[in-house]
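# Structure at a glance
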Amino acid sequence: MKVLKLSIAFLALCSTTLLLCDEKLEDYISETKKEQFRYDYQKNEAESSKLRDSWIAPLNLNYSYSKSNSYGGDVRINEKTSIVMDQPIFQSGGIYYGIKFAEASKIYADYSIDVAKKKLVRDAISLLMQIKQMDLKREKQNLLIKNAEISLAQKKEDYLNGQLDSGFLDSAIIERNQLIQALYDIETNKERLISKFNAISDMNYKDAAVPSLEIITQKEFLEDNIVLTMSQSEIEKNRHFTDVTMAKYLPKINFFAGYNWDKSEIAFQPNEDYYNFGIKANLPLDINSFRDMESSKVDYMKSKLVVEDRKRELRAIYEQVMQNIENFEKKKQLSVENRDIYERLLADTKQLFEAGYKAEFDVELMQNSVEIQKSDVAIYDIDKQLELLTLYEMYKNEI
């Protein structure tokens, strides 16, 4: 990949060196999903070929058989067979424009499928990242619960010793219960994410690797943007359709030919065997011709404006993603600073515990606080990756 350098790393590895993996990002979606997309491409190929060759007229084979008997007379049997061809050979450029329109339509339809597939891949990776993030949140929540239980034990002891009002004890109990309820919510959300992931992927979320995405520049994002490329291909499609529409109302020349064979069992009526061929010209005079051409031209002009509008939207999306990443980075740095503070406090608390000035639960409290900040750092890293997925979803690359 040229711009969005995708390397695969397991979340458990905190090293800055990422492990490479041979898995394609397409492998994150199930085989049935991939097969559906393959059928979409095949159908698009067939529809494009049908549209491209639509100017070739069919060869009509006709056969009729009739039997009649009027008022007790002789039975009359008639058979007629014909082979007829009525082939356009000149349509004022309509044949050429039709072929170009079919090619442009195929390109646009292929990009539409690419966009849908990338969205599904993005959904699968996003769900996987969120599942991993839920694991981190659950670990953090368990640490918060442990700290709340330590605080509750301290307040309970102080209350029994008459050093604390019952209101503070009630608050500690409520706080612990709220943290436990939040843990249940986290577990419920994780199961919901797992269910959604299993619906679109064959991977086991426990073993699946998590892609690590790097930041790209706005210029790279716009130059290799699949949504923008699809919009640009729509311009070409609409331009050729304008030409096709115009050619419908210009002179046409067709070559026609036919072979006929008539057989009759009526007396004195010989069988006929004959052919005919020739050329015919046609110039349609339609009151709606101008309106039809104007309508197709409006679609073409509008598609050009859509591209410019799409560029503006994509710039806004990029800027928003960068702003969100910057905010997550600030939160991450704050957690790093807090972690350093708690690590120093932990070292001091251990020394005081060994000297007999602090209890064991004080050490445990500080240790849990250090681990909580480490969890926050990892959680914010995944938040940044989820933001980058927004850019990846619209990045034009082979998958």
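All values derive from a computational prediction rather than experimental measurement.

## Things to note about the overall build of the protein chain
Helices and strands together make up the secondary structure of the protein chain, namely 7 helices and 6 strands. Since a compact globule built from 399 residues should have a radius of gyration of about 21 Å, the 37 Å found for the protein chain marks it as more spread out than a globular shape. The C-alpha extent of the protein chain, read off along each of the three principal axes, is 130 × 55 × 40 Å. Expressed as a percentage of the 399 residues in the protein chain, the buried residues total 37%. Here the contacts in the protein chain between residues at least 6 apart in sequence split such that 80% fall between residues at least 24 apart. Carbon together with sulfur atoms contributes 53% to the accessible area of the protein chain, which is approximately 24200 Å² in total. For the protein chain, the separation between the mean place of its 55 positive charges and that of its 66 negative charges on side chains is 4 Å.

## Quick word on the pattern of salt bridges
Within this structure, the stated rule accounts for 25 salt bridges. Of the charged contacts in the structure, one is a salt bridge between Asp53 and Arg52, with a shortest N-O distance of 3.1 Å. Given the relative accessible area of 33%, Arg52 is considered partly exposed. Across the salt bridge formed by Lys100 and Glu103, the nearest N and O atoms sit 3.5 Å from each other. Here Glu103 and Lys100 lie together in helix H2 (residues 94–160), a separation of 3 residues that amounts to about one turn. Look at Lys100 and you get partly exposed, because its relative accessible area is 26%.

## Digging into the nonpolar core
Ranked by size, the top nonpolar core spans 50 residues in total, and within it Tyr28, Phe197, Phe221 and Leu391 carry the most contacts. Residue assignment for this core shows that the elements contributing at least two residues are H2, helix H3 (166–200), helix H4 (218–223), helix H5 (226–247), helix H6 (289–354) and helix H7 (360–393). Residue contributions to this core peak at 12 residues, all from H2.

## Considerations on the pairing of strand E3 (residues 76–90)
Relative to E3, strand E2 (residues 59–68) runs antiparallel, the two being bridged by 10 bridges. Across the sheet, residue Tyr63 finds its bridge partner in E3, namely Thr81.

## Remarks on unusual backbone geometry
Despite not being glycine, Ser92 has its phi angle at roughly 55 degrees, a positive value. Within the secondary structure, Ser92 is located in the loop between E3 and H2.

## Some remarks on the side chain of Asn225
Along the chain, Asn225 falls in the loop between H4 and H5. A polar atom in the side chain of Asn225 sits 3.1 Å from the backbone nitrogen of Leu228. Dropping the residues within four chain positions of it, Asn225 is found in contact with Leu314, Met394 and Lys396.

## A word on the sheet that holds strand E5 (residues 252–264)
Reading across from one edge, E2-E3-E5-E6 is the order of the 4 strands in this open sheet, with antiparallel pairing throughout. Each edge of the open sheet is held by one strand with a lone partner, namely E2 and strand E6 (272–282). Neighbouring strand axes in the sheet, compared pairwise and without regard to direction, differ in orientation by 15 degrees on average. Pairing between E3 and E5: 12 bridges, direction antiparallel.

## Digging into the environment of Glu326
The topology assignment puts Glu326 in helix H6. Sequence separation between Glu326 and Lys384 is 58 residues; the distance between their C-alpha atoms is 8.6 Å.

## Some details on a nonpolar patch on the surface
Residues Leu59, Leu61, Ile83, Tyr259, Trp261, Tyr275 and Phe277 make up a contiguous nonpolar surface patch of about 780 Å² in total accessible area. Contributing elements (two or more residues each) for the nonpolar patch: E2, E5 and E6. Summarising the element assignment, Ile83 is placed in strand E3.

## Quick look at H7
Taking 1.5 Å as the rise per residue, H7 with 34 residues should run 50 Å; its terminal C-alpha atoms sit 50 Å apart, in good agreement. Counting buried residues in H7 gives 24 out of 34 residues, a clear majority hidden from the surface.

## Observations concerning the packing of H2 against H3
The description of two packed helices rests on the angle between their axes and on the distance between the axes. Interaxial distance between H2 and H3 falls to 8 Å at its minimum, and their mutual angle equals 165 degrees. In terms of their interaxial angle, H2 and H3 are classed as roughly antiparallel. When you trace H2 past H3, the crossing you get is left-handed. Residue composition of the contact of H2 with H3, by class: 24 nonpolar, 5 polar and 11 charged.

## Overview of the side chain of Ser289
Examined against the element boundaries, Ser289 turns out to sit in helix H6. The class of Ser289 is buried, set by a relative accessible area of 17%. Only 2.9 Å separates the side chain of Ser289 from the backbone oxygen of Asp286, close enough to count as a polar contact.

## Section: H5
With 22 residues, H5 should reach 32 Å at 1.5 Å per residue; the first-to-last C-alpha distance of 32 Å fits that figure. The buried fraction of H5 amounts to 16 of the 22 residues, a majority that puts the element mostly inside the structure.

## Some words on the packing of helix H1 (residues 31–52) against H2
Two numbers describe how H1 lies on H2: the axes approach to 8 Å, and their chain directions differ by 170 degrees. Between H1 and H2, the angle falls in the class roughly antiparallel. Here H1 contributes Lys33, Phe37, Asp40, Tyr41, Asn44, Glu45, Ser48, Leu51 and Arg52 to the contact with H2, which in turn contributes Ile99, Phe101, Ala102, Ser105, Lys106, Ala109, Asp110, Ile113, Asp114, Ala116, Lys117 and Leu120. The class makeup of the residues in the contact of H1 with H2 is 10 nonpolar, 3 polar and 8 charged.

## Considering the confidence of the model for the protein chain
Should the pLDDT be low somewhere, the predicted coordinates at that spot are not to be read in detail. Of the residues in the protein chain, 91% have a pLDDT of 70 or more, and the chain-wide mean is 87. For residues 1–23, every residue scores under 50 in pLDDT, and the model assigns this stretch 47 contacts once sequence neighbours within four places are set aside.

Rules behind the numbers
Residues numbered from 1 in each chain as written. Predicted model: local features only at pLDDT ≥ 70, side-chain atom pairs only at ≥ 80, totals over all residues. Heavy atoms only, no water. Helix = DSSP H or I, 4+ residues; strand = E, 2+ residues; numbered from the N terminus. Rg over C-alpha atoms; globule rule 2.2 N^0.38 Å. Buried < 20%, exposed > 50% of the residue type's maximum accessible area, 1.4 Å probe, protein only. Contact = heavy atoms within 4.5 Å. Areas by Shrake-Rupley, 256 points an atom, 1.4 Å probe, with all protein chains shown as cover. Lys, Arg positive; Asp, Glu negative; His and termini not counted. Charge placed at Lys NZ, Arg CZ, Asp CG, Glu CD. Salt bridge = Lys/Arg side-chain N within 4 Å of Asp/Glu carboxyl O. Core = buried A, V, L, I, M, F, W, Y, C linked by side-chain atoms within 4.5 Å. Pairing = 2+ DSSP bridges. Polar contact = N/O pair within 3.5 Å; in protein donor to acceptor, adjacent residues only side chain to side chain. Axes fitted to C-alpha atoms, helices over the stretch in contact; angles between N-to-C directions. Patch = residues over 30% accessible without salt bridge, like charges linked within 9 Å, V, L, I, M, F, W, Y side chains within 5 Å. Expected span 1.5 Å × (residues − 1). Parallel < 35°, antiparallel > 145°, perpendicular 65-115°, else oblique. Left-handed = near helix turned anticlockwise from the far one by under 90°. Nonpolar A, V, L, I, M, F, W, Y, C, P; charged D, E, K, R; others polar. pLDDT = per-residue confidence, 0-100.

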